[in-house]
There are 2 protein chains.
Amino acid sequence: MQAGKPILYSYFRSSCSWRVRIALALKGIDFEMVPVNLIKDGGQQLAIIEYLEETRPTPRLLPRDPKKRASVRMISDLIASGIQPLQNLSILKKVGEETQLTWAQNAITSGFNALEQILQSTAGKYCVGDEVTMADLCLVPQVANAERFKVDFTPYPTISCINKRLLALEAFQVSHPCRQPDTPTELRA
Amino acid sequence: MQAGKPILYSYFRSSCSWRVRIALALKGIDFEMVPVNLIKDGGQQLAIIEYLEETRPTPRLLPRDPKKRASVRMISDLIASGIQPLQNLSILKKVGEETQLTWAQNAITSGFNALEQILQSTAGKYCVGDEVTMADLCLVPQVANAERFKVDFTPYPTISCINKRLLALEAFQVSHPCRQPDTPTELRA
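Source: prediction; values computed, not measured.

About the cut-offs
Position numbers for residues start from 1 in each chain and track the written sequence from start to end. Ligands are numbered from 1 and chains lettered from A, in the order in which they are written. Only residues with pLDDT of at least 70 are given local features in this predicted model, and only at 80 or more are side-chain atom pairs given and counted; all residues enter the totals for whole chains, interfaces and linings. Hydrogens and water molecules were not included; the side-chain quantities draw on all heavy atoms of the structure. Each helix is a run of H or I in the DSSP string that is no shorter than four residues. Each strand is a run of E no shorter than two, and both are numbered from the N terminus. Just to be clear, the radius of gyration here is over C-alpha atoms, and the globule rule we use is 2.2 Å times residues to the power 0.38. Think of it in three bands: with a 1.4 Å probe and only protein chains considered, a residue is buried below 20% of the maximum accessible area for its type, exposed above 50%, and partly exposed in between. The contact criterion used throughout is that any non-hydrogen atoms of two residues lie within 4.5 Å. Note on areas: Shrake-Rupley with a 1.4 Å probe; residue coverage comes only from the protein chains shown. Here Asp and Glu are counted as negative and Lys and Arg as positive; His is not counted, and neither are the chain ends. Positions of charges follow a simple convention, taking NZ of Lys, CZ of Arg, CG of Asp or CD of Glu. Expected span of a helix: the number of residues minus one, times 1.5 Å. The term polar contact refers here to a pair of N or O atoms within 3.5 Å; inside protein, the definition further demands a hydrogen-donor-capable atom paired with an acceptor-capable atom, and it admits residues adjacent in sequence only when both atoms are side-chain atoms. Axis lines are fitted to C-alpha atoms, over the contacting stretch for helices. Their N-to-C directions set the angle, which ranges from 0 to 180 degrees. Throughout this description, any angle smaller than 35 degrees is read as roughly parallel, any larger than 145 degrees as roughly antiparallel, any in the 65 to 115 degree range as roughly perpendicular, and the remainder as oblique. The crossing is said to be left-handed when, going from far helix to near helix, the turn is anticlockwise and less than a right angle, and right-handed when the turn is clockwise. Polar here means any residue other than Ala, Val, Leu, Ile, Met, Phe, Trp, Tyr, Cys and Pro, which are nonpolar, and Asp, Glu, Lys and Arg, which are charged; Gly is therefore polar. UniProt positions are given in the numbering used here, feature names are shortened, and annotations may be inferred rather than shown by experiment. Buried area is understood as the total, over both parts, of accessible area removed when two parts are fitted together, assessed with a 1.4 Å probe. The salt bridge definition used is simple: a Lys or Arg side-chain nitrogen within 4 Å of an Asp or Glu carboxyl oxygen. Stacked, tilted and edge-to-face are the three classes assigned to paired rings of Phe, Tyr and Trp, where Trp is represented by its six-membered ring and a pair needs centres within 6.5 Å; plane angles under 30 degrees give stacked, over 60 edge-to-face, the rest tilted. We call a charge positioned over a ring when the NZ of a Lys or the CZ of an Arg lies within 6 Å of the ring centre and within 35 degrees of the ring normal.

Novice: Requested: an account of the overall build of chain A, with residues and values cited.
Specialist: Across its full length, chain A carries 8 helices and 2 strands. Going from the N terminus to the C terminus, chain A shows its helices and strands as β-α-β-α-α-α-α-α-α-α. For 189 residues, the compact-globule formula gives about 16 Å, and the C-alpha radius of gyration of chain A, at 16 Å, lands near that figure. The burial tally for chain A puts 53% of its 189 residues in the buried class. Considering only contacts within chain A whose residues lie at least 6 apart along the sequence, 73% involve residues at least 24 apart. Put simply, chain A shows about 8500 Å² of open surface, and 54% of that area lies on carbon and sulfur atoms. One finds the centroid of the 22 positive side-chain charges in chain A at a distance of 2 Å from the centroid of its 19 negative side-chain charges.

And the structure:
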């Protein structure tokens, strides 16, 4: 990290890559992107975000207060362990074409039911208080996945509202899947 | 945390609860256990471990060096996001009785294939170097799950060997599912 430009192996559509792209944009880190057409996804990219936080502490992605940090990690883990792995490409393939939409919707809505309730006690402008944190980096890509799977957002007013606020921020825009070097022309915006 | 004894809502069989029980034992934290017969599992308990690390820093569960910390988190996330959620009870129920053994074995072996390779470059006596870390707290409960699903360990000599070393430590023994207040008599050891 200290020596030379970091390389991010990224896939435009991957919610895990997107989380890391937001972190890099927020911290103003110049990086080289090597697009990889990922099939296999995972939640492992939280380790990259924690590493960035430790080596480039400004701006903070984890609050100073241990209880707030725990809330941020709880929300991040709820998404990265509790939702995303259950609706990623490799799982949906195994589930089979007929049932995969319902499967993905169930995985997301049971996670979002818990998340909506948690956010009602932790959120300010963003997921935890009024500063952008790692939890927000996890939220936006997961909401985009939910939209792809046509999840009904009526029961999730807090999630929707925070997501809209975040999408207005530049770091979330430059890192968006519709604006990556490997985004196919028909998906660009 | 500072005021009064912490309460852990725990389920003897849950690999997520077990990870936290190991952390509590390693840090010598006296706690009250409230057994909950969990069906719904999740990886969210890593947030508890990180919180314990921040509020009770001794003994360390994350190495001081940022690159080693990243290895620890990568391994922990590989297990907590990449393996455990795909083979937990609620998913296996959805998959259906006929295929659930194969499903669980596939989820675990594809994760363990990656893990075995990573450990070959990070491991010393334990997952990362010669000190017990959060990665080890994730490894042992996941290996126990693999054993329940009759995964063949021949391709995983590094995983097996580290697991054996860890199971010899007291913190891993007192926290073991076969020795919890809610362990049914026939599973006690």
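Novice: Break down helix H1 (residues 15-26) of chain A for me, citing the residues and quoting the values.
Specialist: Residues and elements named next belong to chain A. Across its 12 residues, H1 extends 17 Å between first and last C-alpha, which sits within 8% of the 16 Å expected from 1.5 Å per residue. Among the 12 residues in H1, 10 count as buried, and that is most of the element. Turning to H1, its buried residues number three or more, namely Ser15, Cys16, Ser17, Trp18, Arg19, Val20, Arg21, Ile22, Ala23 and Leu24. Close packing links the buried residues of H1 with strand E1 (7-10), strand E2 (32-35), helix H2 (46-55), helix H3 (66-82), helix H6 (134-148) and helix H8 (170-174). For H1, the side-chain oxygen to backbone nitrogen distance between the N-cap and Cys16 is 3.2 Å, and the N-cap itself is Ser14. Phi turns positive one or two residues past the end of H1, at Gly28, with a value near 60°.

Novice: Tell me what's going on with the packing of H3(A) against H6(A), and back it up with residues and numbers.
Specialist: Residue and element names in this part refer to chain A. Taken N-terminus to C-terminus, the directions of H3 and H6 make an angle of 25°; their axes are 8 Å apart at the nearest point. Considered as vectors, H3 and H6 are oriented roughly parallel to each other. In this structure, H3 meets H6 at a crossing whose hand is left-handed. When H3 is examined against H6, the residues Val72, Arg73, Ile75, Ser76 and Ile79 are found in contact with a partner set consisting of Met134, Ala135, Cys138, Leu139 and Gln142. Split into classes, the residues belonging to the contact of H3 with H6 amount to 7 nonpolar, 2 polar and 1 charged.

Novice: Break down the UniProt feature "domain: GST C-terminal" (unreviewed entry) in chain A for me, with residues and values.
Specialist: Mapped onto the present numbering, the UniProt feature "domain: GST C-terminal" (unreviewed entry) falls at residues 65-185 of chain A. Helix makes up 64% of residues 65-185 of chain A and strand 0%, and the two end C-alpha atoms of the span are 44 Å apart.

Novice: Go over the interface of chain A and chain B with me, naming the residues and quoting the values.
Specialist: Tallying the contact residues gives 28 residues for chain A and 28 residues for chain B. Across the chain A to chain B interface the summed buried area is about 2400 Å²; carbon plus sulfur atoms make up 64%. Inspection of the region where chain A meets chain B yields 6 salt bridges. The interface formed by chain A and chain B includes 10 residue pairs in polar contact (both at pLDDT 80 or more). Listed by contribution, the elements that provide at least two residues to the side of chain A that touches chain B are H2, H3, helix H4 (89-95) and helix H5 (100-122) of chain A. Ranked by residues supplied to the side of chain A that touches chain B, first place goes to H3(A) with 10 residues. Residue composition of the side of chain A that touches chain B, by class: 15 nonpolar, 5 polar and 8 charged.

Novice: So what's going on with the packing of aromatic side chains? Which residues, and what values?
Specialist: For any pair of aromatic rings, the description consists of the separation of the ring centres together with the inter-plane angle of the planes. Within this structure, the stated rule accounts for 9 aromatic pairs over all chains. Measuring from centroid to centroid gives 5.3 Å for A:Tyr11 and A:Phe12, while their planes differ by 80°, and the two rings are edge-to-face. Given the relative accessible area of 10%, A:Tyr11 is considered buried. Ring pairs connect the aromatic residues A:Phe112, A:Phe153 and A:Tyr156, which therefore count as one cluster. Between the NZ or CZ atom of A:Lys94 and the centre of the ring of B:Trp103, over which it lies, the distance is 5.6 Å.

Novice: An account of the packing of helix H5 (residues 100-122) of chain B against helix H6 (residues 134-148) of chain B is needed here, citing residue identities and associated values.
Specialist: When two helices pack together, their arrangement is captured by the angle between the axes and the distance separating the axes. Residues and elements named next belong to chain B. The interhelical angle for the contact between H5 and H6, taken along N-to-C directions, is 140°, at an axis separation of 11 Å. As judged from the angle between their axes, H5 and H6 are oblique. At the point where H5 passes H6, the crossing takes the left-handed sense. Of the residues in H6, those in contact with Ile108, Phe112 and Leu115 of H5 are Leu139, Gln142, Val143, Asn145 and Ala146. Here the residues of the contact of H5 with H6 sort into 6 nonpolar, 2 polar and no charged.

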